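# Descriptive analysis of the structure
Listed here are the chains, written in short residue letters.
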Amino acid sequence: MRVVSGIQPTGSLHLGNYLGAIRNWVRMQDSVEGECLFFLADLHAITVHNEPATLIANTREMAAAVIASGIDPERSILFNQARVPAHSELAWLLFCTARIGWLNRMTQFKEKSGKDREGASIGLFAYPVLQAADVLLYNATHVPVGDDQKQHLELARDIATKFNGDFGVDLFTLPEAYIPPAAARIMSLRDGTAKMSKSDPSDMSRINLTDDNDLIAQKVRKAKTDPEPLPSDPAGLADRPEARNLVTILAALSDSTSEAVLAEHGGSQFGPFKARLVEHLVYTLSPIRERLLDLRDDARIDAMLESGAERARVLAAPVLAAAYDATGLQRSKRG
């Protein structure tokens, strides 16, 4: 079993990043019988404009946060994409295999480009092909995906199948979806219908991994709710997105379910419930925050990423070489 997963280095990581992705990386590291490759997707980050210095800082910050959350660079392979040029090289070969019609069906491009489709970068349109290269390069057997990424995994499988068929090779493994058992979709504290996001102009909409305990408590106390008490079962949350979000967060933090949370807190007002939520947030995030602040300026971060990249390059080299051979391209033996 070989698991490959990436996350964009956006800086200022928040609770949604932790519960939605990073915590599951840590659990996979501890449970998967095989290799785990986790990368910081800096190549994906430049599909929209980034200030170079900001991207560098965000990549280091992301690495520090991932390590602070429990990823061990000795047990897992942790690196940033740009240190492994094979990602870009294989992506070009796969661009020539993928079809425009396939990409036109990708719903996320429509969401990300908004009304300015013609002004979006080609990278933003075609990044699912780079995603395919990210996993096919290592012959990943499993890729952690949420509901919003299932379509991209299917694209990767289609590209792998077409490449293998076009060139008569059995090169690329068709990766399977790995659905983390505790994946949580965390929404804004100010709008339960929008994902928690760094780009939200209101810092009160999210809990950052660097927030101190007092600020965490303040944000939870001011989190949007409604006047009704909590229901006794999840069906009662159907039209209450903010209440559902807070219940989801507590369930995720306590390794429980919404049913169990509501069995305990059904009928309660939000004051006591929020106090319990603050307790769990502080207990979970305080040690991560302390490690993250210690690691932020640690010169070893770059050395850790380079060490992980070297391990990744070794795994990628034979797959990339075989892809070049299959297509009839000749390259320098030193390439």
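Along every chain, residues carry numbers that run from 1 in the direction the sequence is written. With pLDDT at 70 or above as the cut-off, local features in this predicted model cover only qualifying residues; side-chain atom pairs require 80 or more to be listed or tallied, and sums for whole chains, interfaces and linings still use all residues. Hydrogens are left out, water is left out, and the side-chain values use all remaining heavy atoms of the structure.

## A short note on the packing of aromatic side chains
- To pair, rings of Phe, Tyr and Trp, with the six-membered ring standing in for Trp, must have centres within 6.5 Å; the planes then decide the type, stacked if under 30 degrees apart, edge-to-face if over 60, and tilted in the middle. The final tally for this structure, using the stated rule, is eight aromatic pairs.
- Between the aromatic rings of Phe 270 and Phe 273, the centroid separation amounts to 6.5 Å while the plane-to-plane angle is 90°, which identifies the pairing as edge-to-face. In this pair, Phe 270 and Phe 273 are both assigned in helix H12 (residues 270-295), three residues apart and thus about one turn of the helix distant. The two residues Phe 270 and Phe 273 agree in class, both being buried.
- Put simply, the rings of Phe 39, Phe 79 and Tyr 138 pair up and form one aromatic cluster. Secondary structure elements follow DSSP: runs of H or I no shorter than four residues count as helices, runs of E no shorter than two count as strands, and numbering proceeds from the N terminus. Exposed residues in this analysis have more than 50% of their type's maximum accessible area, buried residues have under 20%, and partly exposed residues fall in between, with area computed by a 1.4 Å probe over protein chains only.

## Let's talk about the packing of helix H7 (residues 122-136) against helix H8 (residues 150-167)
- To obtain an axis, a line is fitted to C-alpha atoms, over the contacting stretch when the element is a helix, and the angle between two such axes runs from 0 to 180 degrees between their N-to-C directions. Look at H7 against H8: their axes get within 9 Å of each other, and the N-to-C directions meet at 70°. Taken together, the axes of H7 and H8 are roughly perpendicular relative to one another. As H7 packs across H8, the resulting crossing turns out to be right-handed. Note on element contacts: H8 touches H7 through His 152, Leu 155, Ala 156, Ile 159 and Ala 160, opposite Tyr 127, Pro 128, Val 129, Gln 131, Ala 132, Val 135 and Leu 136. Relative orientations are named as follows: roughly parallel for angles under 35 degrees, roughly antiparallel for angles over 145 degrees, roughly perpendicular for angles from 65 to 115 degrees, and oblique for any other angle. In this scheme, a crossing is called left-handed if the near helix is turned counterclockwise away from the far one by less than a right angle; it is called right-handed if the turn is clockwise. In this analysis, two residues are considered to be in contact whenever any of their non-hydrogen atoms come within 4.5 Å of each other.

## Notes on the side chain of Lys 219
- Looking at where Lys 219 falls in the secondary structure, it is placed in helix H9 (residues 213-221).
- Residues adjacent in sequence count toward polar contacts only when both atoms are side-chain atoms; beyond that, a polar contact is any pair of N or O atoms within 3.5 Å, and within protein one must be able to donate a hydrogen and the other to accept it. A polar side-chain atom of Lys 219 sits 2.7 Å from a polar atom in the side chain of Asp 211.
- The contact partners of Lys 219, leaving out residues within four places of it in the chain, are Leu 189, Asp 203, Met 204, Arg 206, Ile 207, Asn 208 and Asp 211.

## A short note on the pattern of salt bridges
- Basic side-chain nitrogens of Lys or Arg form a salt bridge, by our definition, when they fall within 4 Å of a carboxyl oxygen of Asp or Glu. According to the stated counting rule, one finds 20 salt bridges in the structure shown.
- Of the charged contacts in the structure, one is a salt bridge between Arg 276 and Glu 264, with a shortest N-O distance of 3.0 Å. With Arg 276 in helix H12 and Glu 264 in helix H11 (residues 258-265), this residue pair connects regions lying twelve residues apart in the sequence.
- Judged by relative accessible area, Arg 276 falls into the partly exposed class, the value being 29%.
- Of the charged contacts in the structure, one is a salt bridge between Arg 276 and Glu 279, with a shortest N-O distance of 3.8 Å. Pair noted here: Arg 276 and Glu 279 are both in helix H12, with a separation of three residues, about one helical turn.
- Owing to a relative accessible area of 51%, Glu 279 belongs among the exposed residues under this scheme.
- What you see here is one network of salt bridges that share partners, running through Arg 60, Arg 83, Asp 302, Glu 306, Glu 310 and Arg 313.

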